[in-house]
Amino acid sequence: METSQEIQVQVRFVTKQTEYAVTDTPMIVPAKLKRYGLSEIINHLLGFEKPLPFDFMIDNLFLRTSLLEYLENSGLSTENIITIEYVESMLPPTPLSSFQHDDWISSVKIFNQRYFLTGSYDNHVRIWNTSGECLQTFIGHNAPIKSVSWISVKDDEEFTFLSASQDRTIRAWRSSLEHNKYISLYECIGHKGSIESIAVSPSCSEFASGSWDSSIMLWTMEIPENSDDDEHIKIQTSSKRRKVIKKEKILTKYPIATMNGHIGAISSVVFDDKDNNKLYSGGWDHSIRIWDVESRTNVDVKNCDKVVYGISYSGKSGLIASGHSDRIIRLWDPRAEDVAVVKLTLSSHKNWVTSVSWSTKNSFMLVSGSYDGTVKIWDIRSRTPLYTLSKQNGDKGKENENDTPKKIFCVDWDQDIILSGGEDNQLHIYGSKKIGFTKSEEEGKL
Amino acid sequence: MKIIKLYQNQIIFRETKTHYVVGVNGKPRKILPEIDPVYDSDSSTENPINSVGNIPMEWYDDYPHIGYDIDGKKIMKPAKGDELDKFLENMEDPDSWMSAKDNLLQQNVKLTDEELEIIRRIQMGSFPEKDFDPYEPTIEWFTGKPEVMPLNATPEPKRRFIPSKWEAKRIMKIVRAIRQGRIVLGKSQVQKPRFYNLWSEDDKSREEHPMHIPAPKMKLPDHDESYNPPAEYLLTDKEKEEWEEMDPDDREKNYIPQKYSCLRNVPAYNRFIQERFNRCLDLYLAPRIRKNKLNIDPESLIPKLPNPKDLQPFPTSLTLSYDGHTDRVRCISIDPTGLWLISGSDDKTIRLWEIITGRCVKTWEIEDIVYSVAWCPIREVCAFIFSCSNKVGVILPTDICDDEVALSTSQYVTNGFNSKRNDEKVKLVEWMKPSDEQNKNGILLFIQHTHDKTIKQVTWHRKGDYFSSIAPDAGNQGILIHQLTKHQTQQPFRKTRGIIQCVRFHPIKPLFFVATQRYVRVYNLMKQELTKTLQPGVKWISSLDVHPMGDNVIVGSYDKKLCWFDLDLSQRPYRTLYYHSKAIRNVVYHKRLPLFASCSDDGSIQIFHGMVYNDLLQNPLIVPVKILKAGHQIVDSLGVLNCEFHPIQPWIISSGADHTIKLWT
């Protein structure tokens, strides 16, 4: 056994981060080294005074054991040259703050790391800034908000966004901080069931909504002309209570197209973040469908055997990630021809995975939120989650209660900020500055 | 005897004198002389006769008397001289040789001549009696000679000519014994030697015996038991020390290998007695039995069932809990789209839940315990019915349905108020409009029953127009069928038999299932007749469900049994499943998938794969696939009260006495 300490292997270090590139001549290192030892070598080679942590990958899988153990496990010889790719390591995300709401949070969206939009079960939409102030609360929906989406922010003062609710309407809002006023631009009517998800196209020219009535509707952004006959219909159909509450006159808007195809409820729609013409949707019929927006047709269907909840598309990796009712995150390649090809499955959650979000910085990383009360950060090169963020880490007293974990309904990841919201009525904000490897990050305002 | 008789004759002929005296009547009375029985002449009365009988006379040796006479007086011993007197007497008396001792009287008696004659004749070896003639001529009373003439003239009876029945029976007995092998013909008895040598020297093997178990053989000696083992077998000092320290029972070997230079140095074996003793103990005390191995493959005993893994999907784990009720949740129902759930509880509320998030969307306060809720099965109508005390209500949950649907539902439900006819002979129910307050909450309609018994179950017909309400205690009005669009109520059965437990409409045909305590009766509503009676053979039916194809029925009972009926097959259960440890509360089929489930007071839900084939010849396949435990707590010995499958997904929702509702996926 004493001999194993002397085993040495030839390795070659490569990286895609040019600023950290070292010579690619093979070198001999002790096989007992783990991540930390290898990181020391790289720091030594680069001559950094302040050591930077690095992570190492062999064959696109993160090294989590010693080199020797890895070689033994994968049955490789110690005599060949091993090519090790390294990236700047990430520190675990730090919980920055959490903002209390009045009710469950169903949807969160970040804008440019500074403004957070939340939709809540108390029928209100709120905008928060990074210092934890609720800038504005938008009242107008009659049922819990299920989804929110930014349209634009002008000069940090004028916000435009959409909110979709269980009351089967979508509202567009515009608010200005300066005058502390907001108006509801228009109300979109057409769905017959709760609207679960809205997605704005990359060009901000139109948006799509997915509903429990199993249809996807497309809407334009233009503010419609008011017409009287809309109001006429409304008086006839709506039950008395709703009419009483509504005082202000709202412009009504109708969809430009309805796309049917899903059998059963739709849980999530998302636009391709580069292509205005591509829309992805996931539903309770266990399918992920790819739509051609222009021709309003269902281009492709990908089936699995579990209900799809949240989906997310990353333009960087070109993959769709989906959260399922069997606690698994599946990754799909929309370009593949086959009907059901799951590229990868990630499993670690202990309950339904309700939402997923790709990192905007890194093509390998995504965040997922689940009913087991945890948010997990994944690198698809490693089968196990990189980090698990549990709410209970914050206050230890709660752990003893042995409660059922608080469900998480939504996560969002933009640049260096991860948001999550759920049953515990709190918007949790995590800083992930050290995650990912772009050097050009600007100093956050946090 | 002859002599005595002679004397008696003499008595008769004796003459005596006659005397007369004056009698009481003044006439002379003859005084007859006393009769002398003349006993003194009888030899037997000469001496007092000893009446002690034939006993050993030594018993009286110590007494002065030798016995008792007939009057009970002691007979004294005759005076007896000593031996000398006896001798002198013998000498003097010339007749002494002729006397013999009479044992009874303890004295010598002189023998008479006749007696002497008898003695003499016996001594000569001739007959004791003088007159006996041994050679009397023979008189042939019975002879072997056939008579010429028969003694009587009766003809020969019939039985002499027919074979004997009794002989035949005895022969048959033997024949039967031969056939059965009890008597083996031609088997010569092997003569066993009368004596044999018990201690014979030759150690013959014992006779083959079915229960004979040979004693185990002794272990053969090892290499290290040699007197001169190779050096590697010898123990080192350290090993020896270890061996010494070890408990004798734990030692691997009970000896230490020893080395001797030559055989003559080997000492006597010092554990010989001990080993023999142990060997004897082993043979004598160790019980040995012969084990008969059954040559059956255990695999072949297990019925061939597919692996549950191949039968997915089915619910496997607890996902969500719907908390909010403050008392036991009796009933749940899922809307046809599978998005919403309603639950009725003992806390007198109905709650509406969003299934995937566990959000309680709305709560209705009802005046009494809610026993049953049921969504309308058609998608066009967004409403559900509930039952509390003797009322059935219809609620439109306005929060979750589209305005158009809400309007059409409202019209669908309340249209009947306009077309009301009052020509019913017996008023069974009252269709009532709710108050404005209730109307605001979405309650559209109340059906107040005239009986005041609690309605325990409401169930829809598949078309969403008719529904049935059940009040088990209401006697003949226990089952009523209501038509929602026309606001009409009918009583399908004039008389109900037994206590109604549960009813169901057939999903396709116009059949109606009524479960009473012991039986399930199937009625045809069109022809108004009893089609079939199912006999589950259970003591108390709790629940009933009909397969969506309509040919199979499951019945759950309070005595823990679940029965599957194939209606085409028989009136008895196709299969009875006995898996729960407590009463079954509800049984339910999945609407689309081949699944069914039962929930019980033991706090568990059991999921079964129940595949029904289109091929009529193939029996349904029933496989238990999953037991869902550790969800509901048992409160007051009540566990899971109700369960229902999601209409689309392979999920099941259960409600319990612990105030919670759980979703299992």
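Because the structure is a prediction, the values reported are computed rather than measured. (Residues numbered from 1 in each chain as written. Chains lettered and ligands numbered in written order. Predicted model: local features only at pLDDT ≥ 70, side-chain atom pairs only at ≥ 80, totals over all residues. Heavy atoms only, no water.)

S.K.: Give me the overall build of chain B: which residues, what numbers.
M.R.: Along chain B, the regular secondary structure elements total nine helices and 35 strands. In chain B, which comprises 665 residues, the proportion classed as buried is 36%. Total accessible area on chain B stands at roughly 44700 Å², and carbon and sulfur atoms take up 53% of it. (Helix = DSSP H or I, 4+ residues; strand = E, 2+ residues; numbered from the N terminus. Buried < 20%, exposed > 50% of the residue type's maximum accessible area, 1.4 Å probe, protein only. Areas by Shrake-Rupley, 256 points an atom, 1.4 Å probe, with all protein chains shown as cover.)

S.K.: Explain the overall build of chain A to me, using residue names and the numbers behind them.
M.R.: The number of helices and strands found in chain A is four helices and 34 strands. Taking all contacts inside chain A whose residues are at least 6 apart in sequence as the whole, residues at least 24 apart take part in 52%. Total accessible area computed for chain A in this model is approximately 19700 Å², and 48% of it derives from carbon and sulfur atoms. (Contact = heavy atoms within 4.5 Å.)

S.K.: Which residues make up a nonpolar patch on the surface, and what values do they have?
M.R.: A cluster of nonpolar side chains, Leu84(B), Phe87(B), Leu88(B) and Met91(B), forms an exposed patch at the surface whose accessible area comes to about 420 Å². Mapped onto the elements of the fold, Leu84(B) is located in helix H2 (residues 83–92). (Patch = residues over 30% accessible without salt bridge, like charges linked within 9 Å, V, L, I, M, F, W, Y side chains within 5 Å. Salt bridge = Lys/Arg side-chain N within 4 Å of Asp/Glu carboxyl O.)

S.K.: I'd like to hear about the UniProt feature "repeat: WD" (unreviewed entry) in chain A, residue by residue, with values.
M.R.: UniProt records the feature "repeat: WD" (unreviewed entry) at residues 98–129, 188–222, 259–301, 301–342 and 346–388 of chain A, using the numbering of this structure. Here residues 98–129 of chain A is 0% helix and 69% strand, with 12 Å between the C-alpha atoms at its ends. (UniProt positions renumbered as here; feature names shortened; annotations may be inferred.)

S.K.: Describe the sheet that holds strand S9 (residues 340–345) of chain B, and please don't skip the residues or the numbers.
M.R.: Residues and elements named next belong to chain B. Read across the open sheet, the four strands follow the order S8-S9-S10-S11; overall the sheet is antiparallel. Each end of this open sheet is capped by a strand with a single partner; those strands are strand S8 (329–334) and strand S11 (359–365). Taken over all neighbouring pairs, the strand axes of this sheet differ in orientation by 20° on average, direction set aside. In terms of strand pairing, S8 meets S9 through five bridges, oriented antiparallel. Paired with Ile332 across the bridge in S9 is Ser343. (Pairing = 2+ DSSP bridges. Axes fitted to C-alpha atoms, helices over the stretch in contact; angles between N-to-C directions.)

S.K.: Residue-level account of the packing of aromatic side chains, with values.
M.R.: According to the stated counting rule, one finds 41 aromatic pairs over all chains in the structure shown. Taking the centre distance of 4.9 Å and the plane angle of 50° together, the rings of Phe505(B) and Phe512(B) count as tilted. Three or more aromatic residues joined by ring pairs make a cluster, and in this case those are Trp104(A), Tyr121(A), Trp212(A), Trp284(A), Tyr309(A), Trp352(A), Tyr371(A), Phe409(A), Trp340(B) and Trp651(B). We note Lys391(B) situated over the ring of Phe446(B); from NZ or CZ to the ring centre the distance is 4.9 Å. The positively charged end of Lys456(B) is found above the aromatic ring belonging to Tyr371(B), 5.3 Å away from the centroid. (Phe/Tyr/Trp six-rings, centres within 6.5 Å; stacked < 30°, edge-to-face > 60°. Lys NZ or Arg CZ within 6 Å of the ring centre and 35° of its normal.)

S.K.: How would you sum up the pattern of salt bridges? Please name residues and give values.
M.R.: Residues and elements named next belong to chain A. Applying the stated criterion across every chain, the model contains 25 salt bridges over all chains. Here Asp122 makes a salt bridge to Arg126, at a shortest N to O gap of 2.7 Å. Here Asp122 matches Arg126 in class, with each residue buried. Among the ionic pairs, Arg174 bridges to Glu158, the shortest N-O distance being 4.0 Å. In this pair, Arg174 sits in strand S13 (residues 169–176) while Glu158 sits in strand S12 (residues 158–165), placing the two residues 16 residues apart along the sequence. Among the residues examined, Arg174 registers a relative accessible area of 30% and is labelled partly exposed.

S.K.: Give me the nonpolar core: which residues, what numbers.
M.R.: Ranked by internal contacts, the top residues of the largest apolar core, which has 69 residues, are Trp284(A), Tyr322(B), Leu341(B), Ile350(B), Phe386(B), Trp651(B) and Ile653(B). The greatest single-element share of this core, amounting to five residues, is contributed by strand S16 (residues 443–449) of chain B. Contacts of Tyr322(B), omitting those with residues within four sequence positions, involve Leu341(B), Trp353(B), Glu354(B), Ile355(B), Gly358(B), Ile653(B), Thr660(B), Ile661(B), Lys662(B) and Leu663(B). (Core = buried A, V, L, I, M, F, W, Y, C linked by side-chain atoms within 4.5 Å.)

S.K.: Can you lay out the UniProt feature "repeat: WD" (unreviewed entry) in chain B for me, pointing to particular residues and giving the numbers?
M.R.: Within this structure's numbering, the places UniProt gives as "repeat: WD" (unreviewed entry) are residues 322–363 and 640–665 of chain B. Annotation note: span residues 640–665 of chain B, helix share 0%, strand share 58%, distance between end C-alpha atoms 17 Å.

S.K.: For the environment of Ile622(B), give the residues involved together with the corresponding values.
M.R.: Residues and elements named next belong to chain B. Mapped onto the fold, Ile622 is located in strand S32 (residues 621–628). Between the alpha carbons of Ile622 and Val612 there is a distance of 8.9 Å; along the sequence they are 10 residues apart. The contact partners of Ile622, leaving out residues within four places of it in the chain, are Leu305, Trp564, Tyr574, Arg575, Leu577, Phe596 and His609.

S.K.: Account for helix H1 (residues 35–46) of chain A, with residues named and values stated.
M.R.: Residue and element names in this part refer to chain A. Helix length check: H1 (12 residues) gives 16 Å between terminal C-alpha atoms against 16 Å at 1.5 Å per residue, within 8%. As for H1, its buried residues are in contact with strand S1 (8–14), strand S3 (54–58), helix H2 (67–74) and strand S5 (81–88). In the stretch just after H1, Gly47 is the one whose phi turns positive, near 75°. (Expected span 1.5 Å × (residues − 1).)

S.K.: Could you give an account of unusual backbone geometry, naming the residues involved and the relevant values?
M.R.: Note the cis peptide between Gln312(B) and Pro313(B), where omega equals 5°. Within the secondary structure, Pro313(B) is located in the loop between helix H7 (298–301) and strand S7 (318–322). Of note in the backbone geometry, His286(A) takes a positive phi value of approximately 70° without being a glycine. As for its placement among the helices and strands, His286(A) is situated in the loop between strand S21 (278–283) and strand S22 (287–292).

S.K.: Let's hear about the environment of Ile369(B): which residues, and what values?
M.R.: Mapped onto the elements of the fold, Ile369(B) is located in the loop between S11 and strand S12 (370–375). The contacts of Ile369(B), once residues within four sequence positions are left out, are Arg330(B), Ser345(B), Asp346(B), Lys348(B), Ser387(B), Cys388(B) and Ser389(B).

S.K.: Residues and numbers for a negative patch on the surface, please.
M.R.: A cluster of acidic residues, Asp237(B), Glu239(B), Glu241(B), Glu242(B), Glu244(B) and Glu245(B), forms a negative patch at the surface. Exposure remark for Glu245(B): the relative accessible area of 64% places this residue in the exposed category. (Lys, Arg positive; Asp, Glu negative; His and termini not counted. Charge placed at Lys NZ, Arg CZ, Asp CG, Glu CD.)

S.K.: Residues and numbers for the interface of chain B and chain A, please.
M.R.: Facing 23 residues of chain B, the contacting portion of chain A comprises 25 residues. Of the roughly 2400 Å² buried between chain B and chain A, counting both surfaces, carbon and sulfur atoms make up 52%. On the surface where chain B and chain A come into contact, there are two salt bridges. Asp103(A) serves as the salt-bridge partner of Arg359(B), at 2.7 Å between the closest nitrogen and oxygen. Run the count over chain B and chain A and you get 11 residue pairs in polar contact (both at pLDDT 80 or more). The element that contributes the greatest number of residues to the side of chain B that touches chain A is S7(B), accounting for three residues. A per-class count over the side of chain B that touches chain A returns nine nonpolar, nine polar and five charged. (Buried area = accessible area lost by both parts, 1.4 Å probe. Polar contact = N/O pair within 3.5 Å; in protein donor to acceptor, adjacent residues only side chain to side chain. Nonpolar A, V, L, I, M, F, W, Y, C, P; charged D, E, K, R; others polar.)

S.K.: If you had to explain the sheet that holds strand S21 (residues 502–505) of chain B to someone new, which residues and values would you point to?
M.R.: Two strands in a sheet stick together by hydrogen bonds in their backbones, pointing the same way (parallel) or opposite ways (antiparallel). Residues and elements named next belong to chain B. Spatially, S21-S22-S23-S24 is the arrangement adopted by the four strands of the open sheet, whose pairing is antiparallel. A strand with exactly one partner marks an edge of an open sheet, and here the two such strands are S21 and strand S24 (529–534). Averaged over all pairs of adjacent strands, the angle between their axes in this sheet comes to 20°, without regard to strand direction. Pairing of strand S23 (residues 520–524) with S24 involves five bridges; the strand directions are antiparallel. Bridge pairing in S24 links Tyr523 to Leu530.

S.K.: Explain the pairing of strand S33 (residues 417–422) of chain A to me, using residue names and the numbers behind them.
M.R.: All names here are of chain A. Among the six residues in S33, six count as buried, and that is most of the element. In S33, alternate side chains face the same way, and those of Ile417, Leu419 and Gly421 on one face and Ile418, Ser420 and Gly422 on the other are all buried. For strand S32 (residues 408–414) and S33, the ladder comprises six bridges, and the chain directions are antiparallel. Bridge pairing links Asp414 to Ile417 in S33. Turn length for the S32-S33 hairpin, with the two strands adjacent in sequence and antiparallel, is two residues, and the turn residue Gln415 shows positive phi of about 50°. In this structure, the hairpin formed by S33 and strand S34 (residues 426–431) is closed by a connection of three residues, where Asn425 is found at a positive phi of approximately 65°.

S.K.: Describe helix H3 (residues 113–124) of chain B, naming the residues involved and giving the relevant values.
M.R.: Relative to the 16 Å expected for 12 residues at 1.5 Å per residue, H3(B) spans 16 Å between its end C-alpha atoms, a close match to the ideal helical length. Trailing H3(B) by a residue or two, Gly125(B) shows a phi angle of about 85°, which is positive.

S.K.: Can you explain the pairing of S1(A)? Please cite residues and give values.
M.R.: Residue and element names in this part refer to chain A. Because side chains alternate across S1, one face comprises the buried residues Val9, Val11 and Phe13, and the other comprises Gln8, Gln10, Arg12 and Val14, none of which is buried. Direction of pairing for S1 relative to S5: parallel, over a ladder of five bridges. Across the sheet, the residue bridging to Val14 is Glu85, located in S5.

S.K.: Kindly report on the confidence of the model for chain A, identifying the contributing residues and their values.
M.R.: All names here are of chain A. The predicted model of chain A has a mean per-residue pLDDT of 78, with 86% of residues at 70 or higher. The low-confidence segment residues 228–247, where pLDDT is below 50, has 21 contacts with residues more than four positions distant or belonging to other chains. This model gives residues 436–446 a pLDDT under 50, and the stretch forms 18 contacts once residues within four places in sequence are excluded. (pLDDT = per-residue confidence, 0-100.)

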